[in-house]
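# Examining the three-dimensional arrangement
Listed here are the chains, written in short residue letters.
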Amino acid sequence: MTHSAFDIIIAGGGTAGCVVAGRLAAADPSLSILVVESGPVTRDDPLHTQPARYLYHLRPESTTVKFHVGKHSPALGGRAPIVPCGQCLGGGSSVNFAMCTRASASDYDDWATVYGNKGWTTTELLPLLRKCETYQIQPDKPTHGYSGPLKVSYGGFYPEVGQEFLNVAAQYDKTRGFTEDVNGLFECNRYGVVICQWIDARTGTRSDVPHHYIYPQSSNTNLHILTGHQVKRIIFKDNVATGIEYVANRRFYPDAKPEVLTATARRMVVLSAGAFGSPIVLERSGIGAASILQKLGVQQIVDLPGVGENYQDHQLILPPYFAAESTHTLDGIVEDNSEEIEMWTKQWKANGTGILATNGLEAGIKIRPFKEDLDDIGDAFRKRWREFYAPAPDKPILWIGSMSLLTGDRPNVRGGKYFSIIWYLQHPTSTGYVHATSAHDVDASADFHPGYLDKPEDMALHKWAYKRTREFARRMASYRGEVAEAHPAFDPAGKAAAGKKSGPVSILDPDLKYTQEDERALEEFVRKAVTTAWHSLGTCAMKKRSEGGVVDSRLNVYGVEGLKIADLSICPGNVASNTYSTAILIGEKAAVMIGEELGIPLDDAIDR
């Protein structure tokens, strides 16, 4: 790199960081910006641009995500959970499932009213939510945008499983109804006719951030993108951020000299390393709890005990079912079947349609319980319901939806067809933490505990969700039974036993009944099966400093100057959605704030 001094340094080239860089560079091309990203570039790589290829990035040998291993947890039966996060330019936007959901309006309103962050209500954020998107599904929707860089559509293929899910919903659950837009912000508890996807309807390509905010500005010689390098720490002078130290990532530069490089920021440093990276960089820089920094041998600059705390995720479970052989699924893509990939690639290149132009997540619901559902969920959840959910009618407890593939370990026999009815908790009660374990080694594993199932409320929701989703699955036309090894070990002689079936049951069939032994098997299954939804957030929370906050409402790190954080780590509370939309929003909001402070206007309105 020929330059060592820049106006702005963005430490982390994930979703939010790339939005900030792209917006500021477009607003003022003379602004000198450095983005330092630990992973590789993604430009025009079909493994990133073809939406159906997302599970490729979750292989154990993947170089586009980083796997974080949590502590062995009694709540998980002694299991150590593994949580991946994006490690490539664009971060999660380049490797995620491309599922487009938005938070509930009350989620963002809570950021403003509960946590005291001026300027973060849904009403104030809506122009930015609209600014980022081109909504290709329906015109003239007041909560959507029509001239933004990221395209939102139904994708280029609709597998049968989604329609079957909706057919069951129409007859099995007649109380909730349907909606053409699960992302309208202000209501929930209706089945989405089709689930939105971050996919361009015209080209069938993924709507990631690099291809829409960064790569189109390749001619801007003041926008510097440095990939394959890891930020070690922030450099301070008299508590003012003046630059960064960084090193080559040995995954990509194994022969690089083990030297620490520096870059100077003339105006500002923006930390955007995500829910894992941002708190660890702060701690290596001397910002955090005294007890953590003492273990690291790092001199404390600012005492912020909230750094690395408040870790949150969404707790996902994906039970698989056998599908009829005639069902269209993504299993051939996941198994890297060359004939199938070649066939679908021709269609994708020709007109942007076909299985490669979908994520296989076709239909679903942000669900709220009725009284009878609450009775089924049980007493463990009642207090949480009364205090958190009941006052906010737009808040769902779960996302439930169909998925046309099998995830995780695959059977030895290739070529099978599968589907799942999946769910994740929208606002888990359990929280965790992420902390640095070395002051110098950027590859050192984090001290990480995600907190899954640490609270009984979460277990109660998972058990209810399993029973409900199984009733949907067994009534769907493609259903051919459960993949038994990925379901609870129910009594094989009992009515709840999992295994292959010849076909679905009638809509009118009674629900399965579970014995006390079955209930114990179900709880054991949840402990073994619950996993990340890849939605890590909250570890540098935007709260009052006295309440464990790390940044203020303008994203400034408390106790220092010239340092902001812009990524999902700033979320003070969870959001009822896949988190990509919120990461984009944070990037857009940060860009506007930085522009205001530097005298660079960024229009936060869009064409109507």
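Use the structure listed above.
Predicted, not measured: the structure shown is a model, and the values here were computed from it.

Moving on, we come to the overall build of the chain. Along the chain, the regular secondary structure elements total 16 helices and 24 strands. Relative to the compact-globule value of 25 Å for 608 residues, the chain shows a C-alpha radius of gyration of 23 Å, a close match. With the C-alpha coordinates of the chain rotated into their principal frame, the extents come out at 70 × 55 × 50 Å. Separation between the mean location of the 63 positive side-chain charges and that of the 71 negative ones in the chain comes to 1 Å.

Turning next to unusual backbone geometry. A negative phi holds for most residues other than glycine; trans holds for most peptide bonds. One non-glycine residue with positive phi stands out, namely Asn-189, at about 75°. By secondary structure assignment, the location of Asn-189 is in the loop between strand 7 (178-179) and strand 8 (191-192). A positive phi angle is found at Asn-310, which is not glycine, with a value near 70°. Tracing the sequence through the fold places Asn-310 in strand 15 (residues 309-311). Relative accessible area serves as the criterion here: at 17%, Asn-310 is assigned to the buried category.

Let us now look at the nonpolar core. One finds Ile-287 and Leu-563 to be the most contacted residues of the largest nonpolar core, which totals 89 residues. Those residues within four positions of Leu-563 in sequence are excluded, and the remaining contacts are Ile-234, Phe-236, Ala-241, Val-269, Leu-271, Leu-282, Ile-287, Leu-555, Asn-556 and Val-557. Counting residues in each nonpolar core, the second largest holds 61 residues, with Ile-365, Ile-397, Leu-425 and Ala-465 among its members.

It is worth spelling out helix 15 (residues 516-529) at this point. Counted at 1.5 Å a residue, the expected span for helix 15 with its 14 residues is 20 Å, and the 20 Å between its end C-alpha atoms agrees. Within helix 15, the full set of buried residues consists of Asp-518, Glu-519, Ala-521, Leu-522, Phe-525 and Val-526. Projected down its long axis, helix 15 carries its buried residues within an arc of 160°, all on one side. Exposed and facing more than 90 degrees away from the buried side of helix 15 are Gln-516, Arg-520 and Lys-528. Summarising the contacts, the buried residues of helix 15 are in contact with strand 16 (316-317) and helix 14 (456-473).

Moving on, we get to helix 1 (residues 15-27). Over its 13 residues, helix 1 extends 18 Å from the first C-alpha to the last, a length consistent with the 18 Å expected when each residue adds 1.5 Å. Of all 13 residues that make up helix 1, 11 are buried, and the element is covered over most of its length. Turning to helix 1, its buried residues are Thr-15, Ala-16, Gly-17, Cys-18, Val-19, Val-20, Ala-21, Gly-22, Arg-23, Leu-24 and Ala-25.

Turning next to the state of the cysteines. Inspection of every chain in the model, using the stated rule, returns zero disulfides. Distance from the sulfur of Cys-88, which forms no disulfide, to the nearest cysteine sulfur (Cys-18) is 9.2 Å. Cys-571 provides the cysteine sulfur closest to Cys-540, a residue in no disulfide bond, and the two sulfurs are 11 Å apart.

So, on to the packing of aromatic side chains. Tallying each qualifying case throughout the model produces 26 aromatic pairs. Plain terms: the ring middles of Phe-165 and Phe-472 are 5.0 Å apart, the flat faces sit at 35° to each other, and that makes the pair tilted. Placement of Phe-165 in helix 6 (residues 160-172) and of Phe-472 in helix 14 is noted, with a sequence separation of 307 residues between them. Each member of the pair Phe-165 and Phe-472 is classed as buried. For the ring pair Tyr-311 and Phe-448, a centre distance of 5.1 Å and an interplane angle of 75° mean the geometry is edge-to-face. Of this pair, Tyr-311 sits in strand 15 while Phe-448 is found in strand 22 (residues 447-449), placing the two residues 137 residues apart along the sequence. Overall, Tyr-311 belongs to the buried group, its relative accessible area being 0%.

Moving on, we get to the sheet that holds strand 15. The antiparallel open sheet is built from three strands, whose spatial order is 15-21-22. Here the strands that pair on one side only, and so sit at the sheet edges, are strand 15 and strand 22. Direction aside, neighbouring strands of the sheet carry axes that sit 40° apart on average. As judged from the two bridges shared by strand 15 and strand 21 (residues 432-435), these two strands associate in the antiparallel manner. The residue of strand 21 that forms the bridge with Tyr-311 is Gly-432. Strands strand 15, strand 21 and strand 22 of the sheet are contacted by helix 8 (residues 274-284), whose axis makes an angle of about 50° with strand 21.

Under the counting rule described, the total for this entry stands at 33 salt bridges. In this structure, Arg-410 and Asp-331 form a salt bridge, with 2.8 Å as the shortest nitrogen-oxygen distance. Note that Arg-410 is positioned in the loop between strand 19 (398-403) and strand 20 (418-425) and Asp-331 in helix 10 (residues 331-334), a separation of 79 residues in sequence. By relative accessible area, which is 22% here, Arg-410 ends up partly exposed. We classify Asp-331 as buried; its relative accessible area is 1%. Residues Arg-410 and Glu-335 are paired through a salt bridge, measuring 3.3 Å at the closest nitrogen-oxygen approach. Residue Arg-410 is found in the loop between strand 19 and strand 20, and its partner Glu-335 is found in the loop between helix 10 and helix 11 (338-351); the two are separated by 75 residues along the sequence. Look at the salt bridges and you will find they share partners, linking Lys-463, Lys-467, Glu-519, Glu-523 and Arg-527 into a network.

In helix packing, the relevant descriptors are the interaxial angle and the interaxial distance, both defined with respect to the helix axes. At a minimum axis separation of 8 Å, helix 1 and helix 16 (residues 580-598) run at an interaxial angle of 40°. When you trace helix 1 past helix 16, the crossing you get is right-handed. On the side of helix 1, the interface is formed by Thr-15, Ala-16, Val-19, Val-20, Arg-23 and Leu-24, while helix 16 contributes Tyr-580, Ala-583, Ile-584, Gly-587, Glu-588, Ala-590, Ala-591, Ile-594 and Gly-595. Tallied by class, the residues present in the contact of helix 1 with helix 16 amount to 10 nonpolar, three polar and two charged.

Conventions we followed
Residues numbered from 1 in each chain as written. Predicted model: local features only at pLDDT ≥ 70, side-chain atom pairs only at ≥ 80, totals over all residues. Heavy atoms only, no water. Helix = DSSP H or I, 4+ residues; strand = E, 2+ residues; numbered from the N terminus. Rg over C-alpha atoms; globule rule 2.2 N^0.38 Å. Lys, Arg positive; Asp, Glu negative; His and termini not counted. Charge placed at Lys NZ, Arg CZ, Asp CG, Glu CD. Buried < 20%, exposed > 50% of the residue type's maximum accessible area, 1.4 Å probe, protein only. Core = buried A, V, L, I, M, F, W, Y, C linked by side-chain atoms within 4.5 Å. Contact = heavy atoms within 4.5 Å. Expected span 1.5 Å × (residues − 1). Arc of directions from axis to C-beta. Disulfide = S-S within 2.5 Å. Phe/Tyr/Trp six-rings, centres within 6.5 Å; stacked < 30°, edge-to-face > 60°. Pairing = 2+ DSSP bridges. Axes fitted to C-alpha atoms, helices over the stretch in contact; angles between N-to-C directions. Salt bridge = Lys/Arg side-chain N within 4 Å of Asp/Glu carboxyl O. Left-handed = near helix turned anticlockwise from the far one by under 90°. Nonpolar A, V, L, I, M, F, W, Y, C, P; charged D, E, K, R; others polar.

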